[in-house]
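The lines below spell out each chain.
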Amino acid sequence: MMIYFKNALTRKNLMALTGLFLSFFLIIHLLGNLQLLLPEKEAQLQYNLYSHFLSGNIVIKLVSYVLYACILLHTLDAIYLGIKSKKANGPKLSRDRRSRASTWQSRNMMFLGIIIFLFLVIHFKDFWYHYKFGELPHDENGNKDLYTLVVNAFDSIWYVILYSVSFLALGFHLLHGVASAHRSLGVYHPFYSKLIRILGYLFSILITLGYLIIPIIIYIKH
Amino acid sequence: MKIYLKIWRQKDNHSKGCFKDYTVDDVNKDMSFLEMLDTLNLKLVKQGERPVEFDHDCREGICGQCGVMINGIAHGPLKNTTTCQLHMRSFKDGDTIYVEPFKAAAFPIVRDLKINRSALDRIITSGGFVAVDTGQAPEANSIPITYQEAESAFDSAACIGCGACVASCKNSSAALFTGAKITHLELLPQGQKETHVRVTEMVEQMEKEGFGHCSNTEACQVECPENISVLNIARMNYEYNKSKLLVKK
Ligand code: HEM
Ligand code: SF4
Ligand code: FES
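All values reported here derive from a predicted model rather than from experimental measurement. (Residues numbered from 1 in each chain as written. Chains lettered and ligands numbered in written order. Predicted model: local features only at pLDDT ≥ 70, side-chain atom pairs only at ≥ 80, totals over all residues. Heavy atoms only, no water.)

Peer 1: Hey, could you run me through the overall build of chain A in this one?
Peer 2: A count of helices and strands for chain A gives 9 helices and 0 strands. Ordered by position from N to C terminus, the α and β elements of chain A give α-α-α-α-α-α-α-α-α. In terms of its C-alpha atoms, chain A occupies a principal-axis envelope of roughly 60 × 40 × 35 Å. Sorting the 222 residues of chain A into buried and exposed places 41% on the buried side. A separation threshold of at least 6 residues defines the contact pool for chain A, and within that pool the share at least 24 residues apart is 76%. A distance of 26 Å separates the average location of the 21 positive side-chain charges in chain A from that of its 10 negative side-chain charges. (Helix = DSSP H or I, 4+ residues; strand = E, 2+ residues; numbered from the N terminus. Buried < 20%, exposed > 50% of the residue type's maximum accessible area, 1.4 Å probe, protein only. Contact = heavy atoms within 4.5 Å. Lys, Arg positive; Asp, Glu negative; His and termini not counted. Charge placed at Lys NZ, Arg CZ, Asp CG, Glu CD.)

Set out below in structure tokens:
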């Protein structure tokens, strides 16, 4: 029984499921945040209303717990498998050119994941924590004015750069992750495997571009 | 051709190894890589030195015994080739070549370039066989198998157990090897019956031997002498999940 939980295949299944759930969440989160790009006045009221709706909804609350659990489990799995890999490698090669046979992102999922994780800490602290526990002024409809908080944050070019780098890391993580997750779950059909890879690439590019343009456009507009 | 070699010398698994420099002057471009090492060893024996130990047997790319890291790549620069089928024409006169054993915790070094790959054998022993009683040799056509089925089973069965997939993997995973064995038997009616037992046993053995997990980097297929498809790994994952989720014990 114990080996079932310690087993790499099971761990990779869990990692794939949590990763795919997070990927799905990225779509919803992006669509919501694209509201930031509406004309200024409309964006403010609309976005604050949307945030208010999300924070008050019990279903959203439950989904958000699943989301936190996924981030946690995914990260714990990453650490567990990382240690396992180190142990399995044994002595280091003195001359190592094995990298010629695989993509850069597939070999650097941990590095990319750590960037994403650090980003998430900053992201949660600056927006989520502030919105939930901080004092925020209200807009004319009486909703907490998250919009102004966000827009002001992106006044700083450093903040925009921080976000852009993180989104690129996320993009590369997904470039390998989406296709890899399906393999881990056992999709072995050659045609669908290829199709999933192509769709995975498309998904990663669209998600990355979608997230990238938000801080950049806000920065340019203000 | 003149070839400069930096060869990993290590007394046994407990001692520290290091690269030693050698020069071989009379290399013919049509020699295989192993013949070039033979030439060096002949010289070393004549000089009264201990020859470089390496594994080999068939020298025609079918036994899976040979296999070293050549310039940091399992089986050397040519893709999908064994070390014995790599020829010196793949190198230039005056090249310096680094030769190192496959390295993985599950492959202890015996001496120099020689490693112990019994971990792979133990994975086979744990389930890579058909145990149902098949009786007398049946009439050849009594079990219908299509040409396609036979071909894809053979594609997986082509694995020669050389361990290059493990050596090429950043996690030292034996997923390609194990996946190929499981898929090979799953694709044929005699093997299919026991897939769920086989897959759990072999995966657990792979785990016990201390191999790493699969990150789907696909480096293994690129360096595998038999070009075993990474989809064999996905198939193993599928069969494993199916046996864990759907098969009643
Ligand atoms: C929004 C955030 C994230 C998403 C959408 C995501 C998505 C994915 C997906 C789909 C996979 C493929 C799973 C598989 O191969 O079966 C994956 C793998 C991976 N993730 Fe994430 N991930 C995220 C955050 C993180 C974080 C915070 C870390 C931790 C440091 C991380 C570390 C890893 C690692 C190391 C792998 C590769 C595992 C392996 O070696 O095969 N990820 N991720
Ligand atoms: S899968 Fe390929 S690389 Fe791995 S042991 Fe079999 S033949 Fe060698
Ligand atoms: S010696 Fe048999 S495969 Fe190379």
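Having seen it, we continue.
Peer 1: What's the story with the coordination of the iron atom of ligand 1 in this structure? I'm lost.
Peer 2: Angles at a metal have ideal values that depend on geometry: 109.5 degrees with four tetrahedral donors, 90 or 180 degrees with six octahedral donors. Residues and elements named next belong to chain A. Protein coordination at the iron atom of ligand 1 comes from H74 (NE2) and H173 (NE2), with a distance range of 2.0 Å. Classification of the site at the iron atom of ligand 1 rests on its 6 donor atoms, whose angles at the metal span 85 to 180°, yielding the label octahedral. Note that H74 is positioned in helix 4 (residues 58-89) and H173 in helix 8 (residues 157-185), a separation of 99 residues in sequence. No difference in accessibility class separates H74 from H173, as the two residues are buried. (Donors = N, O, S within 2.8 Å, 3.2 Å for Na, K, Ca; no water. Tetrahedral: all angles 85-135°; square planar, octahedral: opposite > 155°, others 65-115°.)

Peer 1: I would appreciate a short explanation of the nonpolar core in the present structure.
Peer 2: One recurring pattern in soluble globular proteins: nonpolar side chains tend to sit buried together. Grouped together as the largest cluster of nonpolar side chains are 66 residues, with contacts concentrated most on L5, F33 and F211 of chain B. It is helix 1 (residues 33-46) of chain B that contributes the most residues to this core, 6 residues altogether. No fewer than three residues from each of domain 1 (3-43 + 50-111) and domain 2 (118-245) of chain B sit in this core. Those residues in contact with F33 of chain B that sit more than four places away from it in its chain are I70, T83, L86, H87, M88, F91, I97 and V99 of chain B. Of all hydrophobic cores here, the second largest spans 28 residues; its members include A43, Y159, Y163 and L212 of chain A. (Core = buried A, V, L, I, M, F, W, Y, C linked by side-chain atoms within 4.5 Å. Domains from an automatic or database assignment.)

Peer 1: Would you take a moment to explain the site of ligand 2 for this structure?
Peer 2: The environment of ligand 2 is formed by C159, I160, G161, C162, G163, A164, C165, L176, F177, C224, P225 and I228 of chain B. Looking at side-chain class alone, the shell around ligand 2 contains 10 nonpolar, 2 polar and no charged residues. (Near = heavy atom within 4 Å. Nonpolar A, V, L, I, M, F, W, Y, C, P; charged D, E, K, R; others polar.)

Peer 1: In this structure, what is going on with the interface of chain B and chain A? I would like to understand it.
Peer 2: One frequently used descriptor of interface size is the decrease in accessible area upon assembly of the parts. Opposite the 50 residues of chain B that make contact, chain A presents 40 residues. Summed over both partners, the interface of chain B with chain A comes to about 3,700 Å²; 54% of that surface belongs to carbon and sulfur atoms. Across the pair E218 of chain B and R197 of chain A runs a salt bridge, and its minimum N-O distance is 2.9 Å. At the level of secondary structure, the elements contributing two or more residues to the side of chain B that touches chain A comprise strand 5 (96-100), helix 4 (164-168), helix 7 (195-208), helix 8 (219-223) and helix 9 (231-245) of chain B. With 9 residues, the single largest contributor to the side of chain B that touches chain A is helix 9 of chain B. (Buried area = accessible area lost by both parts, 1.4 Å probe. Salt bridge = Lys/Arg side-chain N within 4 Å of Asp/Glu carboxyl O.)

Peer 1: I'm lost on the site of ligand 1 in this one. Help?
Peer 2: K12, H74, H173 and S180 of chain A together with S215 of chain B are the nearest of the 26 residues found near ligand 1. Ligand 1 sits at a junction of chains, with neighbouring residues supplied by chains A and B. At 2.4 Å from an oxygen atom of ligand 1 is found a side-chain nitrogen or oxygen belonging to S180 of chain A. A distance of 2.5 Å separates an oxygen atom of ligand 1 from a polar atom in the side chain of S215 of chain B. Of all the elements in the fold, those that place two or more residues in the shell around ligand 1 are helix 2 (8-33), helix 4, helix 6 (109-133) and helix 8 of chain A. For the shell around ligand 1, the residue count by class is 14 nonpolar, 11 polar and 1 charged. (Polar contact = N/O pair within 3.5 Å; in protein donor to acceptor, adjacent residues only side chain to side chain.)

Peer 1: Hey, could you run me through the sheet that holds strand 2 (residues 18-24) of chain B in this one?
Peer 2: Strand pairing in a sheet relies on backbone hydrogen bonds. The paired strands run either parallel or antiparallel. All names here are of chain B. A sheet is described by the order of its strands in space; here 5 strands give the open sequence 2-1-5-3-4, paired in mixed fashion. Both edges of this open sheet fall to strand 2 and strand 4 (73-74), since each of them pairs with a single strand only. Relative to strand 2, strand 1 (residues 3-9) is paired through 7 bridges, and the arrangement is antiparallel. Looking at the pairing, Y4 lines up with T23 of strand 2. With respect to the sheet, helix 1 is in contact with strand 1, strand 2, strand 3 (69-70) and strand 5, its orientation differing from that of strand 2 by roughly 90°. (Pairing = 2+ DSSP bridges. Axes fitted to C-alpha atoms, helices over the stretch in contact; angles between N-to-C directions.)

Peer 1: What's the story with the confidence of the model for chain B in this structure? I'm lost.
Peer 2: Detailed conclusions should not be drawn from predicted coordinates in areas where pLDDT is low. The pLDDT averaged across chain B works out to 96; a share of 100% of its residues lies at or above 70. Taken over the whole predicted complex, pTM reads 0.94, whereas the ipTM for its chain interfaces reads 0.93. (pLDDT = per-residue confidence, 0-100.)

Peer 1: Is there a simple way to explain helix 6 of chain A in this structure?
Peer 2: Since the α-helix advances by 3.6 residues per turn, residues separated by three or four positions end up pointing in the same direction. Residues and elements named next belong to chain A. When the local axis directions of helix 6 are compared, the greatest deviation, roughly 40°, occurs at F124. By the burial criterion, the buried members of helix 6 are M109, L112, I116, F119, H123, F127 and Y131. Packing partners of the buried residues in helix 6 comprise helix 2, helix 3 (40-56), helix 5 (104-107), helix 7 (146-153) and helix 8. (Bend = angle between axes of the 7 residues up to and from the residue.)

Peer 1: I keep staring at the packing of aromatic side chains and nothing clicks. Help me out?
Peer 2: Geometrically, a pair of aromatic rings is defined through the distance of the ring centres and the angle of the planes. This model, assessed by the stated rule, comprises 25 aromatic pairs over all chains. Aromatic side chains F191 of chain A and Y192 of chain A sit 5.2 Å apart centroid to centroid with 75° between the ring planes, which places their arrangement in the edge-to-face category. An aromatic cluster of at least three residues, connected via ring pairs, comprises F119, F127, F154, Y159, Y163, F167 and Y211 of chain A. When the ring centre of Y131 of chain A is taken as reference, the NZ or CZ atom of K144 of chain A above it lies at 5.5 Å. Directly above the ring of W8 of chain B sits K103 of chain B, whose terminal nitrogen or CZ lies 3.6 Å from the centroid. (Phe/Tyr/Trp six-rings, centres within 6.5 Å; stacked < 30°, edge-to-face > 60°. Lys NZ or Arg CZ within 6 Å of the ring centre and 35° of its normal.)

Peer 1: Sorry, what's going on with the packing of helix 2 (residues 118-125) of chain B against helix 5 (residues 175-186) of chain B here?
Peer 2: A pair of packed helices is captured by two measures, namely the crossing angle of their axes and the spacing between those axes. Residues and elements named next belong to chain B. Across the interface, helix 2 lies against helix 5 with an axial gap of 11 Å and an inter-helix angle of 30°. Comparing the axis directions of helix 2 and helix 5 gives the class roughly parallel. In this structure, helix 2 meets helix 5 at a crossing whose hand is right-handed. Seen from helix 2, the contacting residues are L120, I123 and I124; seen from helix 5, they are F177, T178 and K181. (Parallel < 35°, antiparallel > 145°, perpendicular 65-115°, else oblique. Left-handed = near helix turned anticlockwise from the far one by under 90°.)

Peer 1: Got a minute to help me understand the packing of helix 2 of chain A against helix 9 of chain B in this structure?
Peer 2: Contact geometry for helix 2 of chain A and helix 9 of chain B: axes closest at 11 Å, N-to-C directions at 95°. With respect to their mutual orientation, helix 2 of chain A and helix 9 of chain B come out roughly perpendicular. Facing helix 2 of chain A, whose interface residues are L9, T10 and N13 of chain A, helix 9 of chain B presents M236, N237, Y240 and N241 of chain B. Within the contact of helix 2 of chain A with helix 9 of chain B, the residues separate by chemical class into 3 nonpolar, 4 polar and no charged.

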